[in-house]
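Residue-level listing of the chains:
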Amino acid sequence: MFQSDKKNTTKNNMSSILGPEIEVSGDLKITGDILIYGTVLGNVECKGEVRTSKGSLVKGNVNANSAYINGNIEGDLVVKDKVVLAKFSQLKGNLIGNILTIEEGAKFDGICRMESKAASVNKQKINA
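What you see is a predicted model, and the numbers here were worked out from it, not measured in a lab.

Criteria and thresholds
- Residues numbered from 1 in each chain as written.
- Predicted model: local features only at pLDDT ≥ 70, side-chain atom pairs only at ≥ 80, totals over all residues.
- Heavy atoms only, no water.
- Pairing = 2+ DSSP bridges.
- Helix = DSSP H or I, 4+ residues; strand = E, 2+ residues; numbered from the N terminus.
- Axes fitted to C-alpha atoms, helices over the stretch in contact; angles between N-to-C directions.
- Core = buried A, V, L, I, M, F, W, Y, C linked by side-chain atoms within 4.5 Å.
- Buried < 20%, exposed > 50% of the residue type's maximum accessible area, 1.4 Å probe, protein only.
- Contact = heavy atoms within 4.5 Å.
- Salt bridge = Lys/Arg side-chain N within 4 Å of Asp/Glu carboxyl O.

A.B. asks: Could you give me a rundown of the sheet that holds strand β14 (residues 90–92), with the residues and numbers involved?
C.D. replies: Taken in spatial order, the six strands line up as β2-β5-β8-β11-β14-β17 in an open sheet, and their pairing is parallel. In this open sheet, the two edge strands, each paired with only one partner strand, are β2 (23–25) and β17 (107–109). The mean angle between the axes of side-by-side strands here comes to 5°, regardless of whether they run parallel or antiparallel. Examined bridge by bridge, β14 and β17 share three bridges and lie parallel to one another. In the sheet register, L91 faces β17, and the bridge partner there is F108.

A.B. asks: So what about the nonpolar core? Which residues, and what values?
C.D. replies: With 22 residues, the main nonpolar core has V44, V50 and L77 as its most contacted residues. Going through the elements one at a time, β3 (28–30), β4 (34–36), β6 (44–46), β9 (62–64), β10 (66–69), β12 (77–79) and β13 (82–85) are the ones with two or more residues in this core. In this view, V44 contacts L28, I30, V50, V58, N61, V62 and N63; residues no more than four positions away in its chain are not counted.

A.B. asks: Go over the pattern of salt bridges, please, and point to the residues and values.
C.D. replies: Taken as a whole and assessed by the stated rule, the structure comprises two salt bridges. Ionic pairing is found between R113 and E115, a salt bridge with its closest N-O pair at 2.9 Å. On the basis of relative accessible area, R113 is assigned to the partly exposed category, the value being 39%.

It is worth stressing that arrangement in space is one thing and function is another; only the former is reported here.
Here you go:
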């Protein structure tokens, strides 16, 4: 079922999956990618990609390298690269990203700010 041969792995490997029956109360820190089917009552900090499915809920801020949102987020979404708000997504919070795709049917209630990767890097250096 799982492949251990590095040559045959693909970009779509999730390092963590939060099932639909799971509710987490607290912050999540992930070094790889995560797929969320369940509920997170806290912030999500991810060095990879955050993917949320239809019916999922995150009540907290999400920071990630990239994001594909198809569930509900009640908090700010800060993404360094590409953000996709898919058909069933509902974002109630501000969004910062580099590339943004909003599919027909997505709901977004907040302020959007587009930043290039260079601007994000310079901002981090200034704040450090």
